[in-house]
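# A structural walkthrough
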Amino acid sequence: MAIQDIFQSVIGFDEAKVKELTQKEVDGGAAIDTILNEGLISAMDEVGAKFSAGDLFVPEMLMAAQAMKGGLEILKPLLADGATESKGTIVIGTVKGDLHDIGKNLVSMMMEGAGFEVVDLGVDVDSDKFVQAVKENNAGVVALSALLTTTMPAMEATVKAIREAGITVKTIVGGAPVTQAFAEQINADGYSDDAPSAVELARKLMA
Ligand code: B1M
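On a predicted model such as this, the values are computed, not experimentally measured, just so you know.

### Considerations on the coordination of the cobalt atom of the ligand
For the cobalt atom of the ligand, the protein supplies a single donor, His100 (NE2), at a distance of 2.2 Å. On the secondary structure map, His100 appears in the loop between β1 (89–94) and α5 (102–113).

Rendered as structure tokens:
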């Protein structure tokens, strides 16, 4: 029931309530995965479905995103798995033209939690900035996020720019419209459909 209340508070745009209920669930010993998947992420799916149906508009999507971020703030320290030694550097960002950052932030938090140094370039990042950050930070992996079908070409352009720069770095891609087939088509080194599997993939590629 309480997880359902978190879900309802995200779709009710009540950030303070989301924070309060998330903290309460954490204190009560609920599994982090359950809070994340059944409370927070599924609420964003519901918001997306309502947007598609024309029952909800961009300002409401933004308010729901803000409410979800409140819950993520509470979970952030708990997404760590106790790693202390740096496992290498990851550059991450949402590609050019795309402003969605919740999934990217989740990947970033879990990467940090797993012991990687994370250089988060934010949203709407052009390919030159990715190339420069990979060089400056001597990154082992660059993770690209895209949530729009219209920004998938920017993902392809970024992978291409990284290859053309001749730097040794593994490119991994993800985000709702991205698939394994698309990753292969654009010559990325890997694809993952959620944050935990992105961490596993980075571990494998950096080993
Ligand atoms: Co937008 N939006 N949005 N939006 N938005 C979607 C993505 C959409 C599917 C909604 C819908 O129509 N049902 C649709 C895209 C349709 C399409 O292209 N196929 C859409 C649209 C159309 C738009 C606008 C164009 C709307 C408009 O203006 N008319 C506009 C575009 C703005 C822009 O980017 N240029 C827009 C704007 C926005 C807001 C700004 C209002 C807001 C974003 C706020 C923010 O992020 N700070 C927003 C939101 C909130 C959404 C939905 C509702 C939720 C996204 C989200 O945060 N999900 C979304 C509908 C949906 O996804 N169900 C929608 C939760 C998050 C945890 O999941 O990001 O998928 P996700 O991340 C997952 C995985 O994908 C993966 O890990 C995460 C889970 O563990 N992952 C990676 C993500 N990145 C990864 C990188 C990796 C690996 C895994 O690297 C290796």
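Still more ground to cover, so stick around.
### A word on the site of the ligand
Among the 36 residues in the neighbourhood of the ligand, the closest are listed as Ser52, Leu99, His100, Asp101 and Ser145. Take Gly48: an N or O atom from its main chain is 2.9 Å from a nitrogen atom of the ligand. One nitrogen or oxygen atom from the main chain of Gly97 is found 2.9 Å from a nitrogen atom belonging to the ligand. Secondary structure elements with two or more residues in the shell around the ligand: α3 (32–52), α4 (58–75), α5, β3 (141–145), β4 (170–174) and α9 (195–206).

### Things to note about unusual backbone geometry
Positive phi, close to 60°, is recorded for Phe13, a residue that is not glycine. Tracing the backbone through its elements, the reader meets Phe13 in the loop between α1 (2–11) and α2 (15–27). Judged by relative accessible area, Phe13 falls into the partly exposed class, the value being 28%. Backbone geometry at Asn138 places phi at a positive 50°, although glycine is not the residue there. Tracing the backbone shows Asn138 in the loop between α6 (127–137) and β3.

### Thoughts on the nonpolar core
Counting 41 residues, the largest nonpolar core has Val10, Leu36, Leu40, Leu72, Ile90, Met111 and Phe116 as its most contacted members. Secondary-structure elements contributing two or more residues to this core are α1, α2, α3, α4, β1, α5, β3 and α9. Top contributing element to this core by residue count: α4, with 7 residues. Residues contacting Phe116, with those up to four places away along its chain left out, are Lys87, Gly88, Ile90, Met111, Val199, Ala202, Arg203 and Met206. Formed by 25 residues, the second largest nonpolar core is a distinct cluster that contains Ala139, Ala161, Val173 and Phe182.

### Topic: the pairing of β1
The element β1 is largely enclosed, with a buried count of 6 among its 6 residues. Neither face of β1 is exposed, since Thr89, Val91 and Gly93 on one face and Ile90, Ile92 and Thr94 on the opposite face are all buried. Where β1 and strand β2 (residues 117–120) come together, 4 bridges link them in parallel fashion. Bridge pairing in β2 links Thr89 to Glu117. On the question of chirality, the crossover connecting β1 to the parallel β2 by way of α5 is right-handed. In terms of strand pairing, β1 meets β3 through 5 bridges, oriented parallel.

### Some remarks on the pattern of salt bridges
Tallied over the full model, the rule gives 10 salt bridges. Lys104 is the salt-bridge partner of Asp120, the closest N and O atoms lying 3.0 Å from each other. On the criterion of sequence distance, the pair formed by Asp120 in strand β2 and Lys104 in helix α5 is long-range, its members being 16 residues apart. Taking relative accessible area as the criterion, Lys104 reaches 3% and is therefore assigned buried.

Parameters at a glance
Sequence order sets the numbering: in each chain, residues are counted from 1 along the sequence as written. In view of the model being predicted, local features appear only for residues whose pLDDT reaches at least 70, and side-chain atom pairs are presented and counted only at 80 or more, with totals across whole chains, interfaces and linings using the full set of residues. Side-chain numbers come from the whole structure's heavy atoms, not from hydrogens or water. Donor atoms are limited to N, O and S found within 2.8 Å of the metal ion, a distance that becomes 3.2 Å for Na, K and Ca. With water left out, some sites might look partial. Runs of H or I in DSSP of at least four residues are treated as helices and runs of E of at least two as strands, each being numbered from the N terminus. The criterion for a residue being near a molecule or strand is simple. One of its heavy atoms has to lie within 4 Å of it. Whenever a nitrogen or oxygen atom comes within 3.5 Å of another N or O atom, the pair is scored as a polar contact, on the condition that within protein one atom can donate a hydrogen and the other can accept it, and that pairs from neighbouring residues in sequence are kept only if both atoms are in side chains. Partly exposed describes any residue whose relative accessible area lies between the buried limit of under 20% and the exposed limit of over 50%, with all areas from a 1.4 Å probe on protein chains only and scaled to the type maximum. In this text, buried Ala, Val, Leu, Ile, Met, Phe, Trp, Tyr and Cys residues form a nonpolar core when linked through side-chain atoms within 4.5 Å. What makes two residues a contact is simply this: any of their non-hydrogen atoms within 4.5 Å. Paired strands are those between which DSSP finds at least two bridges. Here a crossover is taken to be right-handed if, once the strands point away from the viewer, the path from the first strand over the helix to the second is traced clockwise. The salt bridge definition used is simple: a Lys or Arg side-chain nitrogen within 4 Å of an Asp or Glu carboxyl oxygen.

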